[in-house]
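Listed here are the chains, written in short residue letters.
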Amino acid sequence: MDKYVCEVCGYTYDPADGDEDGKIAPGTAFEDLPDDWVCPVCGVGKDQFKKMEE
């Protein structure tokens, strides 16, 4: 699964880790995150994230 990085603060969403604070289970793909999910660091929406290049 692909990692995504917040273009505002640099936080990396790693599907292997999920988002414990946001109650997102490990193994949840970025595409499967709820539409109202926000960056746990700066609070911006999913539209401010960019797929990391490998």
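Going by the structure above, here's the rest.
Residues numbered from 1 in each chain as written. Predicted model: local features only at pLDDT ≥ 70, side-chain atom pairs only at ≥ 80, totals over all residues. Heavy atoms only, no water.

(A) Just the overall build of the protein, in detail. Scanning the protein for helices and strands turns up 0 helices and 3 strands. Each helix and strand of the protein, ordered N terminal to C terminal, gives the series β-β-β. Relative to the globule expectation of 10 Å for 54 residues, the C-alpha radius of gyration of the protein, 10 Å, shows essentially globular dimensions. The dimensions of the protein, computed from C-alpha atoms along their principal axes, are 25 × 25 × 15 Å. In the structure as shown, the protein presents an accessible area of about 3600 Å², 46% of it carried by carbon and sulfur atoms. Put simply, the protein has 5 plus and 14 minus side-chain charges, and the middle of one group is 2 Å from the middle of the other. (Helix = DSSP H or I, 4+ residues; strand = E, 2+ residues; numbered from the N terminus. Rg over C-alpha atoms; globule rule 2.2 N^0.38 Å. Areas by Shrake-Rupley, 256 points an atom, 1.4 Å probe, with all protein chains shown as cover. Lys, Arg positive; Asp, Glu negative; His and termini not counted. Charge placed at Lys NZ, Arg CZ, Asp CG, Glu CD.)

(B) Examining the sheet that holds strand S1 (residues 4-6) more closely. Read from one edge of the open sheet, 3 strands run S2-S1-S3, paired in antiparallel fashion. Only two strands of the sheet have a single partner each, and these edge strands are strand S2 (12-13) and strand S3 (49-51). Relative to S3, S1 runs antiparallel, the two sharing 3 bridges. Paired with tyrosine 4 across the bridge in S3 is lysine 51. (Pairing = 2+ DSSP bridges.)

The values reported here are purely geometric and, on their own, carry no functional implication.
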